[in-house]
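Residues per chain, in single letters:
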Amino acid sequence: MCKTSFSMSITQLLQQHTAAAVQQLYGATVEPRAVVINEPPEQFTGDFSLPMFAFSKIARKAPPVIAAEVAAYLQNALPSISHCEIVQGFINISFSDAFWLETLQTISQTPNYGSQPAKNEVAVVEYCSPNTNKALHLGHLRNMFLGHAIAEILAFNGYEVKKVTIYNDRGIAICKSMLAWLKFGEGETPATNGLKGDHLIDKYYVLFGNELKRQVAEYKAQHPEASNDEAEKQVPIMQEANAMLERWEAGDPDTVAIWKQLNGWVYDGFNATFEQLGIHFDRNYYESNTYLLGKDIVQKGLNLGVFQRETDNSVQIDLTDIGLDKKVLLRRNGTSVYITQDLGTAELRYEDYQMNKMIYVVGNEQDYHFKVLFACLERLQRPYAKQLYHLSYGMVELPTGKMKSREGTTVFADDLIAQMQHEAAQQTAERGKVQSFSEQELANLYHTLGIGALKFFILRVNPQKNMIFNPKESIELTGFTAPFIQYTYARIYSLLQKASEQESNYSTQLSLSKEERKLVVLIYKYPAIIDDTATQYDPSVLTAYCYDLARTYNKFYTECPILRSDVPAEQRHFRLILSRTTADIIRSGLHLLGIDVPMQM
RNA sequence: GACUCCAUAGCUCAGCUGGAUAGAGCAACAGCCUUCUAAGCUGUGGGUCGUUGGUUCGAAUCCAACUGGAGUCGCCA
């Protein structure tokens, strides 16, 4: 007889016993993991549903017959089962009220319910990784929210997590901003014009682009045969930018000083945005420090014979045997390319952390790049090569189409953050429930609600898919949103405050209403949801769960009175513990998504 | 041209390794506050799951082709 414990979940028990039943009844071996467990549809009773169709071949019987026989076996093996309903080839299993009441008792006393014990493994999560010539926009938000959530979820699953980012702080792009600032800036600084540093540099990047466009047009007027690419190379402002890049690479002190000053402003700007979003990193990497790395690894690859030196002196890897192409790893002049750096950075991270797992949160336009990178590291037989994962996500588009900075349709992170908080303030004011709040408390509430809504709106979509960001809908605070869930939390919190009594245990002889039972079953599923979220690297699994939990609670809340005087004490005790446990999970789940909960709203 | 990803209600999205009558939210309409927070709850309408084949007891889910959309295919990053 197996005792229910949390090392072996109820679903695992069911799988194991079903496999044993098939073994004993029909003499066929079935993997417990292969036993399918579903949720029965609304119109049937039961906490779990087991389809028996898959066994009809090995048992050589009709599914309903198998269902009856397996059900009998299960009821005998698991006394907690109160009822089995056989419908066609399905067994719909109900556990007893007492069983669920005991389950809730155990869960309500489990600290950090849903988490895994430390496994002494390090997971590095790289995310955000912005260029320093532009302000953060909508795409970065999706990246940061995903990265932060996955990092938190892996930590909850027992990993020691290191959050890192790499600043693409060098190269032609930042030189363009620097040059435009020198030419047109008249010494302007964030202090003199009040613009955030990252937006200031973004402005000069755009100015460069405009000037480049003007000069290209001029050039093409004089040289009608020239292509756009040729014109761009010939035009004075581009030649100046390239000259500046060369000076930077040569370490010219004046150029480096300007570069440091402008990047400094950008970092101040980024940090202010990170602060708003609750984003932080355990370590920052800078491309200016790492862009020369990787050459020695390429040399190792040459020694191992997995890379080849071509007749033109470039180094390449041939990946045609696994359906990829040949890829240059060192230019013919011996300098590094993008992937060379990434090889070096991976190695550097391994030196820093000896990580067991490394997640790169990077948009899906780099899918191919990461395939090649991982293949290279595998051929180099790096010990971490099999533990690398590219968390790829789709683009964020506007209802009007793609964002285009040239057309001024870029949605800046800072603007969106401000807009969301403004909306939260407006909606809060309309409801007038927090009149006792101080200015500071109000500001905190608007922040919690606005940022929460923003994060949830973006995280609720499967990362793999492109998503459409509708600014109008994003500020909606009802329905499948963070404020809906936050509101549920605030309600429970208020209820618990009013309860005034100490939490005390309840009798397991109570009988459960439909709403109560659904809620307990959902609470029971939290660890499995966490596991799914982590193994799929998909926070949208958790957002859906949190919403479902809140919705189920709200239903319970309207159907089942708790503090009313006619509610018996035992039932009140149970409902209070049920409420408190729900609130704990809401707080826990939202926290993993990077979202806070208010005590009142 | 080659490869990768996507296609589900008017709109935004769920739908797990194939399982029962495909689900939410928004929008529309109709109800529910003398009682624990109405940012809530209840109900109504809304679908050829892009198309066509295939695999099988059974397909939104797997396979193939096609259509439409996005992305990648630099000694750029």
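About the thresholds
- Think of each chain on its own: its residues are numbered from 1, step by step along the sequence as written.
- Written order decides the labels, with chains lettered from A and ligands numbered from 1.
- Local features are withheld for residues below a pLDDT of 70 in this predicted model, meaning they are given only at 70 or higher, and side-chain atom pairs are given and counted only at 80 or more; totals for whole chains, interfaces and linings count all residues.
- Throughout this description, the term nonpolar core refers to a group of buried Ala, Val, Leu, Ile, Met, Phe, Trp, Tyr and Cys residues whose C-beta atoms join them within 7 Å.
- Neighbour density around each residue's C-beta defines its exposure: 20 or more other C-beta atoms within 10 Å make it buried, 12 or fewer make it exposed, and counts between make it partly exposed, where C-beta atoms are placed from the backbone.
- Each domain span listed reflects an automatic or database assignment of domains.
- For every residue pair, C-beta atoms are placed from the backbone, and the pair is scored as a contact if these atoms sit within 7 Å.
- At least two DSSP bridges between two strands are required for those strands to pair.
- Secondary structure counts use DSSP, requiring at least four H or I residues in a row for a helix and at least two E residues in a row for a strand, with both numbered from the N terminus.
- The crossover handedness rule: strands pointing away from the viewer, path from first strand over the helix to second strand clockwise, crossover right-handed.
- The criterion for a residue being near a molecule or strand is a backbone-placed C-beta atom within 6 Å of that molecule or strand.
- Three classes are used, and their members are as follows: Ala, Val, Leu, Ile, Met, Phe, Trp, Tyr, Cys and Pro are nonpolar, Asp, Glu, Lys and Arg are charged, and the others, Gly among them, are polar.
- Here, expected helix span is obtained from the residue count minus one, scaled by 1.5 Å.
- Every angle, taken between N-to-C directions, lies between 0 and 180 degrees, and every axis is a line fitted to C-alpha atoms, over only the stretch in contact when it is a helix.
- To sort the angles, those under 35 degrees are grouped as roughly parallel, those over 145 as roughly antiparallel, those from 65 to 115 as roughly perpendicular, and the leftovers as oblique.
- We call a crossing left-handed when the near helix sits turned anticlockwise from the far one by less than a right angle, and right-handed when that turn is clockwise.
- What pLDDT reports is the predictor's confidence in each residue, on a scale of 0 through 100.

**Structural notes on the nonpolar core**
Next, step 1: Val125, Ile150, Ala453, Cys546 and Ile586 are the most contacted members of the largest nonpolar core, which has 133 residues in total.
Next, step 2: Each of domain 1 (10-95) and domain 2 (124-397) gives at least three residues to this core.
Next, step 3: Setting aside chain neighbours within four positions, we find Ala453 in contact with Met420, Ala424, Ile475, Leu477, Thr481, Ala482 and Pro483.

**Section: the pairing of strand E10 (residues 357-363)**
Next, step 1: Both strand E4 (residues 122-126) and E10 contribute to a ladder of 4 bridges, which runs parallel. Note that in E10 the partner of Val125 across the bridge is Ile359.
Next, step 2: In this structure, E10 lies alongside strand E11 (residues 388-393), joined through 6 bridges in parallel fashion. Across the sheet, Val361 pairs through a bridge with Leu391, a residue of E11.
Next, step 3: You can see the chain leave E10, run along helix H15 (residues 367-379) and come back into E11, and the turn it takes is right-handed.

**Observations regarding the protein's contact with RNA strand B**
Next, step 1: In the vicinity of RNA strand B lie 73 residues, with Ser49, Phe53, Asn462, Gly479 and Tyr487 positioned nearest.
Next, step 2: Those elements that provide at least two residues to the surface near RNA strand B are strand E1 (48-51), strand E3 (90-95), H15, helix H16 (413-431), strand E13 (467-468), helix H19 (482-499) and helix H22 (539-559).
Next, step 3: The biggest single contributor to the surface near RNA strand B is H19, with 8 residues.
Next, step 4: Taken together, the residues of the surface near RNA strand B break down into 33 nonpolar, 23 polar and 17 charged.

**Topic: the environment of Asn168**
Next, step 1: Looking at where Asn168 falls in the secondary structure, it is placed in the loop between strand E5 (160-167) and helix H6 (172-184).
Next, step 2: In the structure, Asn168 is positioned 100 residues away from Asp268 in sequence and 15 Å away in space, judged by C-alpha atoms.
Next, step 3: Setting aside chain neighbours within four positions, we find Asn168 in contact with Ser129, Pro130, Asn131, Thr132 and Glu287.

**Considering H16**
Next, step 1: Compared with the 27 Å implied by 1.5 Å per residue over 19 residues, the 27 Å span of H16 between its first and last C-alpha is a close match.
Next, step 2: Contact partners of the buried residues in H16: helix H5 (138-156), helix H11 (253-277) and helix H17 (439-459).
Next, step 3: Just downstream of H16, Gly432 is the residue with a positive phi angle, here 55 degrees.

**A closer look at unusual backbone geometry**
Keep in mind that most residues, glycine aside, have a negative phi and that most peptide bonds are trans.
Next, step 1: Despite not being glycine, Gln88 has its phi angle at roughly 50 degrees, a positive value.
Next, step 2: When you line up the elements, Gln88 lands in the loop between strand E2 (81-87) and E3.
Next, step 3: By C-beta crowding, Gln88 is classed as exposed, having 11 other C-beta atoms within 10 Å.
Next, step 4: One non-glycine residue, Tyr537, lies in the positive phi region at around 50 degrees.
Next, step 5: Judged by the 21 C-beta atoms lying within 10 Å of it, Tyr537 falls in the buried class.

**As for the packing of H19 against helix H23 (residues 569-592)**
Next, step 1: In the contact formed by H19 and H23, the axes pass within 9 Å of each other and the chain directions differ by 140 degrees. Relative to H23, the element H19 is oriented oblique. Seen from above, H19 lies across H23 with left-handed handedness. Of the residues in H23, those touching H19 at Ile485, Thr488, Tyr489, Ile492, Tyr493, Leu495, Leu496 and Ala499 are Leu576, Ser579, Arg580, Thr582, Ala583, Ile586, Arg587 and Leu590.
Next, step 2: When grouped by side-chain class, the residues that make up the contact of H19 with H23 number 11 nonpolar, 3 polar and 2 charged.

**Notes on the sheet that holds strand E8 (residues 315-318)**
Next, step 1: Pairing within the open sheet is antiparallel, and its 3 strands lie in the order E7-E8-E9. This sheet does not close on itself; its edge strands, each paired only once, are strand E7 (308-309) and strand E9 (326-330).
Next, step 2: Looking at chain direction, E8 and E9 are connected through 4 bridges and run antiparallel. The residue bridging Gln316 from the neighbouring strand is Val328, located in E9.
Next, step 3: Relative to E9, helix H13 (residues 295-304) is tilted by about 125 degrees, and along the sheet it contacts E7, E8 and E9.

**Details of the domain arrangement of chain A**
Next, step 1: The domain architecture assigned to chain A consists of domain 1 (10-95) and domain 2 (124-397).
Next, step 2: The C-alpha-based centres of domain 1 and domain 2 are spaced at 54 Å.

**Quick notes on the environment of Arg580**
Next, step 1: Positionally, Arg580 belongs in helix H23.
Next, step 2: Between the alpha carbons of Arg580 and Ser507 there is a distance of 17 Å; along the sequence they are 73 residues apart.
Next, step 3: Among all residues touching Arg580, those that are not within four sequence positions of it are Ser108, Leu496 and Glu503.

**Digging into the sheet that holds E10**
Next, step 1: With parallel pairing, 5 strands are arranged side by side in an open sheet as E6-E5-E4-E10-E11. Looking at which strands have only one partner, the edges of the open sheet turn out to be strand E6 (283-286) and E11. Averaged over all adjacent pairs, the angle separating strand axes in this sheet is 25 degrees, with direction ignored.

**A few points about the confidence of the model for chain A**
Next, step 1: Residues of chain A with pLDDT of at least 70 account for 99%, and the chain-wide mean is 93.
Next, step 2: Contacts of residues 1-7 to residues separated by more than four positions or lying in other chains number 4 contacts, the stretch itself having pLDDT below 50.
Next, step 3: Across the predicted assembly, pTM comes out at 0.96 and ipTM at 0.96.

**Some remarks on H11**
Next, step 1: In this model H11 runs 36 Å from its N-terminal to its C-terminal C-alpha over 25 residues, within 8% of the 36 Å that 1.5 Å per residue would give.
Next, step 2: Among all positions of H11, only Trp259, Leu262, Asn263, Trp265, Val266, Gly269, Phe270, Thr273 and Leu277 are buried.
Next, step 3: Looking one or two residues past H11, Gly278 carries a phi angle of roughly 70 degrees, positive in sign.

**Brief notes about the packing of helix H1 (residues 10-26) against helix H3 (residues 63-77)**
Helix-helix packing is described using two parameters, namely the angle between the two axes and the distance between the axes.
Next, step 1: Taken N-terminus to C-terminus, the directions of H1 and H3 make an angle of 120 degrees; their axes are 9 Å apart at the nearest point. Between H1 and H3, the crossing angle belongs to the class labelled oblique. Relative to H3, the crossing made by H1 is right-handed. From H1, His17, Thr18, Ala21 and Leu25 reach across to H3, where they touch Glu69, Val70, Tyr73, Leu74 and Ala77.
Next, step 2: Of the residues contributing to the contact of H1 with H3, the split by class is 6 nonpolar, 2 polar and 1 charged.

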